[in-house]
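# A look at the structure
Listed here are the chains, written in short residue letters.
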Amino acid sequence: MTDPVIRFIKSHPDARLPEPATPGSAGADLCAVMPDGVSAQIMRPGARLLLDTGLKVAVPEGYEMQIRPRSGLALKHGVTVLNTPGTIDSDYRGPLKVVLINHGEENFSVRTGDRIAQAVLAAVAPFRGVMVETLEETARGEGGFGSTGITTGAADAAP
Ligand SMILES: O=c1ccn([C@H]2C[C@H](O)[C@@H](COP(=O)(O)OP(=O)(O)OP(=O)(O)O)O2)c(=O)[nH]1
């Protein structure tokens, strides 16, 4: 099976084609571009920032592009994608942007070319909703939000 081809165009001259870091990488790294006349954007602790990648993309029909965090940024700096996974719809033709948040204790600087997130292509399962009167019963029923405990059953049972 041949890989789907994804077409990008540059909306900024410094934009870089997203490429997987290694042949087996699930994600292709997304790089930031700075607005004209700006050399760096500083994120204070707690700040969120909408960053441009300088790209527009045509995601093939039947797919979405997910914008995911990079684990290195999360671990070393507390910086992550706020709306992870961000969704790029197949019919979206606007600028491909990334929403970062700085959960760290230090300022975090972003410059043109910095790899700020990664894009993963995912198949979409189309669905249509219908309103019904009842839903089929299951073993879980309405239990959720920790209803099965947070440790093993044995530990939970201990007094
Ligand atoms: O991290 C993101 C998330 C979204 N988008 C773009 C592509 C996506 O197709 C569009 C809409 O995203 P979403 O559906 O998440 O936004 P919404 O808040 O529901 O707004 P809308 O009413 O525009 O759908 O915005 C990005 O560039 N980056």
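Every value quoted in this text rests on a predicted model; they were computed, and no experiment measured them. (Residues numbered from 1 in each chain as written. Predicted model: local features only at pLDDT ≥ 70, side-chain atom pairs only at ≥ 80, totals over all residues. Heavy atoms only, no water.)

Here the focus is the site of the ligand. Lining the immediate environment of the ligand, one finds N83, G86, T87, I88, D89, Y92, P95, L96 and K97. Between the ligand and N83, the relevant distance is 3.1 Å, taken from an oxygen atom to a side-chain nitrogen or oxygen of the residue. Here an oxygen atom of the ligand and a side-chain polar atom of D89 are 2.5 Å apart. When the free accessible area of the ligand is taken as 570 Å², the share hidden by the protein chains comes to 48%. Per-class residue counts for the shell around the ligand are four nonpolar, three polar and two charged. (Near = heavy atom within 4 Å. Polar contact = N/O pair within 3.5 Å; in protein donor to acceptor, adjacent residues only side chain to side chain. Areas by Shrake-Rupley, 256 points an atom, 1.4 Å probe, with all protein chains shown as cover. Nonpolar A, V, L, I, M, F, W, Y, C, P; charged D, E, K, R; others polar.)

Scanning all chains against the criterion turns up two salt bridges. With a closest N to O distance of 2.7 Å, R115 and D29 form a salt bridge. Taken together, the residues R115 in strand 11 (residues 115-123) and D29 in strand 3 (residues 28-31) connect sequence positions 86 residues apart. Owing to a relative accessible area of 40%, R115 belongs among the partly exposed residues under this scheme. Connected through salt bridges with shared partners, the residues D29, R70 and R115 form a single ionic network. (Salt bridge = Lys/Arg side-chain N within 4 Å of Asp/Glu carboxyl O. Helix = DSSP H or I, 4+ residues; strand = E, 2+ residues; numbered from the N terminus. Buried < 20%, exposed > 50% of the residue type's maximum accessible area, 1.4 Å probe, protein only.)

Before going further, it helps to spend a moment on the sheet that holds strand 9 (residues 95-102). One open sheet accounts for four strands, arranged 1-5-9-7; its pairing is antiparallel. Of all the strands in the sheet, just strand 1 (7-10) and strand 7 (79-81) have a single pairing partner and so form its edges. Going from strand to strand, the sheet's axes swing by 45 degrees on average, the running direction of each strand aside. (Pairing = 2+ DSSP bridges. Axes fitted to C-alpha atoms, helices over the stretch in contact; angles between N-to-C directions.)

Listed under "domain: dUTPase-like" (unreviewed entry) in the UniProt record, and renumbered for this structure, are residues 15-149. For the annotated span residues 15-149, helix accounts for 5% and strand for 39% of the residues, and the straight-line distance between the end C-alpha atoms is 47 Å. (UniProt positions renumbered as here; feature names shortened; annotations may be inferred.)

It is worth spelling out unusual backbone geometry at this point. Here T84 and P85 are connected by a cis peptide whose omega angle stands at -10 degrees. Although it is not a glycine, F145 adopts a positive phi angle of roughly 55 degrees. Relative to the assigned elements, F145 resides in the loop between strand 11 and helix 2 (153-157).

Bringing the sheet that holds strand 11 into the picture now. Here five strands make up an open sheet; going across it, the order is 2-3-11-6-8 and the pairing antiparallel. Only two strands of the sheet have a single partner each, and these edge strands are strand 2 (19-20) and strand 8 (86-88). Here three bridges tie strand 6 (residues 63-68) to strand 8, and the two strands are oriented antiparallel to one another. Note on strand 8: the bridge partner recorded for Q66 is T87.

A separate point is the nonpolar core. Judged by nonpolar contacts, the single largest core of 25 residues is most densely connected at L51, M65, I67, L96, V98, L100 and I116. The set of elements that each furnish at least two residues to this core consists of strand 5 (48-58), strand 6, strand 7, strand 9, strand 10 (108-110) and strand 11. In terms of residues, this core owes the most to one element, strand 5, which gives four residues. Leaving out residues up to four positions away in the same chain, L51 has contacts with A32, M34, Q41, L96, K97, V98, L100, V110 and I116. (Core = buried A, V, L, I, M, F, W, Y, C linked by side-chain atoms within 4.5 Å. Contact = heavy atoms within 4.5 Å.)

Mapped onto the secondary structure, L55 falls in strand 5. Residue L55 is classed as buried on the basis of its relative accessible area, which comes to 4%. As a C-alpha pair, L55 and S90 span 35 residues in sequence and 15 Å in three-dimensional space. Once residues lying within four places of it in the same chain are set aside, the contact partners of L55 are F8, I9, S11, A15, R16, P18, G94, P95 and L96.

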